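Descriptive analysis of the structure
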Amino acid sequence: MSLTVAIIGAGFGGLCMAIQLEKAGIRSYTIFEKRADVGGTWRDNTYPGAGCDVPSHLYSFSFEKYSSWTRRYPGQPEILDYLETCADKYGLRPRIRLNTEITAASFDESLGRWRVRTTAGEEVFDVVVSAVGQLSRPRMPDIAGTSDFEGVAFHSARWDHSQDLTGRRVAVIGNGSSAAQLIPRVAEVAGQVDVFQRTPNWVIPKMDATFGDTLTTAFRRMPLLQRGYREWIYRYAEGALYPALAGGWSTELLRKIALDHLHEQVPDPELRAKLTPGYPIGCKRVVIDSAFYPALTRPNVNVVTDRITRIAPGGVETATGLHEADVIVYATGFHASDFLAPMEITGREGRRLDEEWKDGAEAYLGIAVPRFPNLFMVYGPNTNLGHTSIIFMIECQVGYIMGCLPHIAGRGSMEVRPEAMDTWRRSLDRAMGKMIWQAGCTSWYKNAAGRVTNNWPAATTVYRRITKEPRPGAFRFAR
Ligand code: NAP
């Protein structure tokens, strides 16, 4: 096959796509990476305590199992190391263009190919695969006065390691998964930490532990053991955690686990009341952490629930006064529902993707969009998960895209039919009805209009089945 492929992003998704192309003997691809190295979100998020709350053995490619994990839940350095190892092992580096951002891509109908504009010029490709992730662009909060602050301020995903926080007054805005991981580490050294919580999160324990030499050696020497362990984690997440998000048998159990965790770790009833969510568990991303609550009970940590009115030169101002700070950490999440923005993507008939998506991003199987031939997405709309490893979904998508390539090579450019998209939208809406995400909370799973644009509303086994191979009838082909 002589197709040329542009891959956008060198995180888990982009690397997976490139590896499968390599395995198929297709070397006519380029990975464009806007930052200085591979790793995506795991290169960007270097805040103290950064790690993954999906068990390590499942948080890796099925075809590249890793026996060197040192603990049940991997830390950021280990995951980054894994991704760098993959890039080296499969010889991807010569085809990765670092520090090169794609600013626009437009489908040239006369050529049947994509014109891809980068910060370095324009190139033409047969196929474009976007693997930019959902959590790549840090979101600064819409709070007045952020530029007035006279201290040091940074986002959790752009940690300023030149700053020594020892003895300083640190304000952390936000209390999601990132904040929950960094607060315990910051609190160990800072003089004072004020945590600004707008909405309490449900928190369940993270049963982390190191594997130790014996178990690590066993995993290395007995691939079957590793496979079995990985399978067990997958089945547990699918069988016990997924039902909790779909109003199933484990919802009440998960809620009880979270409330017990809160009671055990936070003895003070006043603080406990502040930390008790008033919406169903799973509606927002559940925080999985065992160090977060104990950190909040420390004498140098204060949970502030008053509304922030502005950022003042000397700190964070709320309705009840100024909370002085030397450093502000914005743990305020990402532009998750903007998907391919700010790239300007133009399909057939001059259609702009941002206009097609003005009411919310959507894609057939989360992968393809009508009028955008030969454009595919990895970790696209409605493919995020709240209960298991996203790497599973990425592998399904990459497998599906690989299955599309022979069709493109043989029959010309390939575009999902609007009727297939309509049927897909209806089935997605039906499945979404039973999910907990719409049960009266705000979250990054939804866009500004309240539509759940990010999450996959069924078991991942279903996703694997429907993405097994492309159905040619769902597409139109053009030479
Ligand atoms: P997030 O979950 O979106 O949390 C953002 C936090 O900032 C929320 O507490 C939010 O409050 C608060 N916030 C936003 N704007 C604010 C404002 N104007 N005023 C006050 N508070 C404001 O972001 P995140 O913690 O970075 O996590 C994002 C996702 O990354 C996670 O859900 C998870 O999927 C992933 N992640 C995973 C891991 C892992 O272990 N695998 C670790 C870190 C992150 P509200 O809740 O009130 O909106």
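In the block above lies the structure referred to throughout.
In this report, we go over the structure that sits alongside the text.

So, how was this worked out
Residues numbered from 1 in each chain as written. Predicted model: local features only at pLDDT ≥ 70, side-chain atom pairs only at ≥ 80, totals over all residues. Heavy atoms only, no water. Pairing = 2+ DSSP bridges. Helix = DSSP H or I, 4+ residues; strand = E, 2+ residues; numbered from the N terminus. Contact = heavy atoms within 4.5 Å. Axes fitted to C-alpha atoms, helices over the stretch in contact; angles between N-to-C directions. Disulfide = S-S within 2.5 Å. Buried < 20%, exposed > 50% of the residue type's maximum accessible area, 1.4 Å probe, protein only. Near = heavy atom within 4 Å. Polar contact = N/O pair within 3.5 Å; in protein donor to acceptor, adjacent residues only side chain to side chain. Areas by Shrake-Rupley, 256 points an atom, 1.4 Å probe, with all protein chains shown as cover. Nonpolar A, V, L, I, M, F, W, Y, C, P; charged D, E, K, R; others polar. Phe/Tyr/Trp six-rings, centres within 6.5 Å; stacked < 30°, edge-to-face > 60°. Lys NZ or Arg CZ within 6 Å of the ring centre and 35° of its normal. Expected span 1.5 Å × (residues − 1). Bend = angle between axes of the 7 residues up to and from the residue.

1. Section: the sheet that holds strand S3 (residues 96-97)
Strand order across the open sheet formed by five strands is S3-S2-S1-S7-S19, with parallel pairing between neighbours. Of all strands in the sheet, those with a lone pairing partner are S3 and strand S19 (375-377), marking the two edges. Running over the sheet, helix H1 (residues 12-23) touches strand S1 (5-8), strand S2 (29-32), S3 and strand S7 (127-130) and is turned about 170° from S2. Sheet strands touched by helix H11 (residues 390-411): S7 and S19. Its angle to S19, the strand with the most contacts, is close to 165°.

2. Re the state of the cysteines
Applying the stated criterion across every chain, the model contains one disulfide. Paired through a disulfide, Cys283 and Cys441 show a sulfur-sulfur distance of 2.0 Å. With the S-S dihedral at roughly -95°, the linkage between Cys283 and Cys441 falls on the left-handed side. Of this pair, Cys283 sits in the loop between helix H8 (269-275) and strand S12 (287-288) while Cys441 sits in the loop between helix H12 (418-432) and helix H13 (460-466), and the two are 158 residues apart along the sequence. Taken as a pair, Cys283 and Cys441 share a single burial class, namely buried.

3. Side note on the site of the ligand
Around the ligand, a shell composed of 24 residues is seen, among which Asn175, Ser178, Thr199, Lys284 and Trp444 lie nearest. Separating an oxygen atom of the ligand from a side-chain N or O atom of Arg198 is a distance of 2.9 Å. Here Thr199 contributes a side-chain N or O atom positioned 2.5 Å from an oxygen atom of the ligand. In the complex, the protein chains occlude 87% of the 920 Å² of accessible area that the ligand would expose alone. Counting residues per element, the shell around the ligand draws most heavily on helix H4 (residues 177-189), which supplies three residues. Here the residues of the shell around the ligand are counted per class, giving nine nonpolar, 10 polar and five charged.

4. Notes on the packing of aromatic side chains
To describe a pair of aromatic rings, one takes the distance between the centres and the angle between the planes. A full pass over the atoms with the stated rule returns 26 aromatic pairs. With a centroid separation of 5.8 Å and 15° between ring planes, the pair formed by Trp232 and Tyr236 is classed as stacked. Of this pair, Trp232 and Tyr236 both sit in helix H6 (residues 223-245), four residues apart, roughly one helical turn. Trp232 sits in the exposed class, given a relative accessible area of 55%. A relative accessible area of 43% places Tyr236 in the partly exposed class. The structure contains a cluster of three or more aromatic residues connected by ring pairs, namely Phe12, Trp42, Tyr59, Phe61, Phe63, Tyr66, Trp69, Tyr82 and Tyr90. Sitting over the ring of Phe477, Arg411 keeps its end group 4.0 Å from the ring centre.

5. Focus on H6
Along an α-helix, a turn takes 3.6 residues, which lines up residues three or four apart on a common side. For H6, built from 23 residues, the straight-helix expectation of 33 Å at 1.5 Å per residue is met to within 8% by its first-to-last C-alpha distance of 32 Å. Maximum bend of H6: about 30°, positioned at Glu238. Among all positions in H6, only Gln226, Arg230, Ile233, Tyr234, Ala237, Glu238, Ala240, Tyr242, Pro243, Ala244 and Leu245 are buried. Among the structural elements, helix H5 (212-221), helix H7 (251-265), H11 and H13 are those in contact with the buried residues of H6. A positive phi of about 65° marks Gly247, the residue just after H6.

6. Here's the deal with the side chain of Thr332
Residue position: Thr332 is located in the loop between strand S17 (327-330) and strand S18 (344-346). Using a relative accessible area of 14% as the deciding quantity, one classes Thr332 as buried. A polar side-chain atom of Thr332 sits 2.6 Å from the main-chain carbonyl oxygen of Arg139. Look past the residues within four positions of Thr332 in its chain and what remains in contact with it is Arg139, Met140, Pro141, His155 and Ile173.

7. Here we look at the side chain of Ser130
As for its placement among the helices and strands, Ser130 is situated in strand S7. Accessibility expressed as a relative area gives 1% for Ser130, which makes it buried. The contact partners of Ser130, leaving out residues within four places of it in the chain, are Ile8, Leu340, Met343, Phe376, Met377 and Val378.

8. Overview of the sheet that holds strand S16 (residues 321-324)
Read from one edge of the open sheet, three strands run S14-S15-S16, paired in antiparallel fashion. Looking at the sheet topology across the chains shown, the edges are occupied by strand S14 (308-312) and S16. Strand-to-strand twist of the sheet, defined as the mean angle between neighbouring strand axes without regard to direction, takes the value 25°.

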